[in-house]
Amino acid sequence: MEKTVHVPLGDRAYDVIVGPGLLAQAGARIAPLLRRRKVAVLTDENVAALHLEGLRAGLASEGIEMEALALPAGEATKSWPHFERAVEWLLSQKVERNDVVVALGGGVIGDLAGFAAAVLRRGVRFVQIPTSLLAQVDSSVGGKTGINAPHGKNLIGAFHQPSLVLADTEVLGTLTARDFLAGYGEVVKYGLLGDASFFEWLEQNGPALSGGDMATRVQAVAHSVQMKADIVVRDETEQGDRALLNLGHTFCHALEAATGYSGRLLHGEGVAIGCALAFELSSRLGLCPQEDPSRVRAHIKAMGMKTDLADIEGDLPSAAALVDLMGQDKKVVDGQLRFILARGIGEAFVTADVPKDAVLSVLEDALADR
Ligand code: GLY
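Draft legend 1. Examining empty space enclosed by the protein more closely. This model, assessed by the stated rule, comprises 1 cavity of 30 Å³ or more. What the largest cavity holds in volume is close to 70 Å³. Around the largest cavity, the lining residues are Arg36, Lys38, Val39, Ala40, Glu67, Gln93, Lys94, Val95, Asp99 and Val100. It is strand β3 (residues 38-44) that provides the largest number of residues to the lining of the largest cavity, a total of 3 residues.

Draft legend 2. Structural view of the sheet that holds strand β1 (residues 3-7). Taken together, 7 strands build an open sheet; the order of strands is β1-β2-β9-β6-β5-β3-β4 and the sheet is mixed. In this open sheet, the two strands that pair with only one neighbour each are β1 and β4 (65-71). In this sheet, neighbouring strand axes are inclined to one another by 20° on average, regardless of whether the strands run parallel or antiparallel. In this structure, strand β6 (residues 125-130) lies alongside strand β9 (residues 164-168), joined through 2 bridges in parallel fashion. Looking at the pairing, glutamine 128 lines up with valine 165 of β9. Across the sheet, helix α2 (residues 45-60) is in contact with β3, β4, β5 (100-105) and β6; its angle to β3 comes to roughly 160°. Sitting on the sheet, helix α8 (residues 214-234) is in contact with β1 and β2 (14-19), with an inclination near 10° to β1.

Draft legend 3. Main features of the packing of aromatic side chains. Evaluation of the coordinates by the stated rule reveals 4 aromatic pairs. With a centroid separation of 5.9 Å and an interplanar angle of 70°, the aromatic rings of tryptophan 80 and phenylalanine 83 are classed as edge-to-face. Here tryptophan 80 pairs with phenylalanine 83, and both are found in helix α3 (residues 80-92), just 3 residues apart, close to one helical turn. Look at tryptophan 80 and you get partly exposed, because its relative accessible area is 46%. Phenylalanine 83 gets classed as buried once you look at its relative accessible area, which sits at 6%. Here the aromatic cluster, defined as three or more aromatic residues joined through ring pairs, consists of Trp80, Phe83 and Phe115. Above the ring of tyrosine 190, the side-chain terminus of lysine 189 is found at 4.9 Å from the ring centroid. When the ring centre of phenylalanine 349 is taken as origin, the NZ or CZ atom of arginine 343, which lies over that ring, is 3.8 Å away.

Draft legend 4. Local environment of the site of the ligand. Near the ligand you find Asp138, Lys144, Lys228, Glu238, Arg242 and Leu245, and these make up its full shell. Within the side chain of lysine 144, a nitrogen or oxygen atom sits 2.9 Å from an oxygen atom of the ligand. Between the ligand and lysine 228 there is a distance of 2.5 Å, counted from an oxygen atom to a side-chain nitrogen or oxygen. For the ligand, whose accessible area on its own is 200 Å², the fraction buried by protein is 88%. Residues of the shell around the ligand, tallied by class, amount to 1 nonpolar, no polar and 5 charged.

Draft legend 5. Region of interest: unusual backbone geometry. Phi is positive for arginine 121, close to 50°, though the residue is something other than glycine. Tracing the chain through its elements places arginine 121 in the loop between α4 (107-119) and β6. Arginine 121 sits in the partly exposed class, given a relative accessible area of 40%.

Draft legend 6. Main features of helix α6 (residues 177-194). With 18 residues, α6 should cover 26 Å at 1.5 Å per step; its first-to-last C-alpha distance of 26 Å lies within 8% of that length. Taken across its 18 residues, α6 has 14 buried, putting it largely inside the fold.

Draft legend 7. Inspection of the pairing of β4 at higher detail. Here 7 bridges tie β3 to β4, and the two strands are oriented parallel to one another. Counterpart to leucine 42 in the pairing with β4 is leucine 69. Viewed along the sheet, the connection from β3 through α2 into β4 turns out right-handed.

Draft legend 8. Broad picture of the state of the cysteines. For the coordinates displayed, the defined rule picks out 0 disulfides. The thiol of cysteine 252 is not disulfide-bonded; the next cysteine sulfur, from cysteine 275, is found 8.9 Å away.

Draft legend 9. Seen up close, the layout of surface pockets. Here the second largest pocket is characterised by a volume of approximately 260 Å³. Forming the boundary of the second largest pocket are 16 residues, of which Glu280, Arg297, Asp308, Ala366 and Asp369 lie nearest the centre. Those elements that provide at least two residues to the lining of the second largest pocket are α10 (267-284), α11 (291-302) and α13 (356-368).

Draft legend 10. How the structure looks around the environment of histidine 249. Mapped onto the elements, histidine 249 comes out in helix α9 (residues 249-258). Given the relative accessible area of 4%, histidine 249 is considered buried. Between the C-alpha atoms of histidine 249 and histidine 267, which are 18 residues apart in sequence, the distance is 9.0 Å.

What counts and how
Residues numbered from 1 in each chain as written. Predicted model: local features only at pLDDT ≥ 70, side-chain atom pairs only at ≥ 80, totals over all residues. Heavy atoms only, no water. 1 Å grid on protein atoms, 1.4 Å probe; cavity = no way out; pocket = protein on both sides within 12 Å on 5 of 7 lines; lining within 4 Å. Points joined across faces, edges and corners; volume = space filled by probe spheres on them. Helix = DSSP H or I, 4+ residues; strand = E, 2+ residues; numbered from the N terminus. Pairing = 2+ DSSP bridges. Axes fitted to C-alpha atoms, helices over the stretch in contact; angles between N-to-C directions. Contact = heavy atoms within 4.5 Å. Phe/Tyr/Trp six-rings, centres within 6.5 Å; stacked < 30°, edge-to-face > 60°. Buried < 20%, exposed > 50% of the residue type's maximum accessible area, 1.4 Å probe, protein only. Lys NZ or Arg CZ within 6 Å of the ring centre and 35° of its normal. Near = heavy atom within 4 Å. Polar contact = N/O pair within 3.5 Å; in protein donor to acceptor, adjacent residues only side chain to side chain. Areas by Shrake-Rupley, 256 points an atom, 1.4 Å probe, with all protein chains shown as cover. Nonpolar A, V, L, I, M, F, W, Y, C, P; charged D, E, K, R; others polar. Expected span 1.5 Å × (residues − 1). Right-handed = clockwise from strand over helix to strand, strands pointing away. Disulfide = S-S within 2.5 Å.

Next up, the structure:
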């Protein structure tokens, strides 16, 4: 059932292994990377309670010792104070240049640990063991690492590729339904941005996937990772095509900012709503068939996910205020907002040529439906 996706980046190439039971085999998988049988693990308190002993046993089976630091769970951990604590802790553990840091957790831990590894002793290797669906299909692959700044999300960081990714699909069983489905927003994104047949496969297999069918989970994660790997290999530092991975994210970032990056809207939920809005905008600009936005929305809704602005609890600001929040996005180049639009399902492209009025009217109508 296990699948391996190779990310061919020359001397920084690595494998992403996807399948159930990888935590228990972590020792055998990581051992070839080690000069000495010892690793430092960064994790969060929630993941530690669920999976740290499993990882410890997996490593111990190959005689690998492990020390771990569990940071508080949540987005607030992706900040200077926790980053400093993590780096100081790694130094206190006497992690050497040839050692390996392990990130056990979701996107927050993966991004923070990857950045810590990038700067520790000018760069040590790290292994990602992503425990959320979102981290397995997106953030653990491709080498974007970093923390948030008071000015915005992910504004401080580095490109630092992992040496190995172990995506254990069994651990997805410990996610809440809401967290799982939020991660699924990123899975749908891959079909929408570049593979109509994958989107069709998801329309058919999405329910089995969320119901826990392991073979379907492995297939969906591995396919998403393969698509991401192909894009990252073409454009590692996001000079062009890599921005396709941000389909739905311009809307999403505005909505996340408007909801205070709180539990009102999880990132993957915002991505799903954002994808639906990006297709609505594409259709209104005459770029994609009129039926595409409804098909996108129908699948997201059928999966029981937040689909429309009406599904976000509490007040939202005006359309104009949301457009202003988009201006804070990292994807602004020379003051121009870049959007990912689509010529159809599976055919996304990057453009800076989007009339602001069209964005405003999509948002005004979406807000009016609340
Ligand atoms: N999560 C988007 C990227 O890795 O480029």
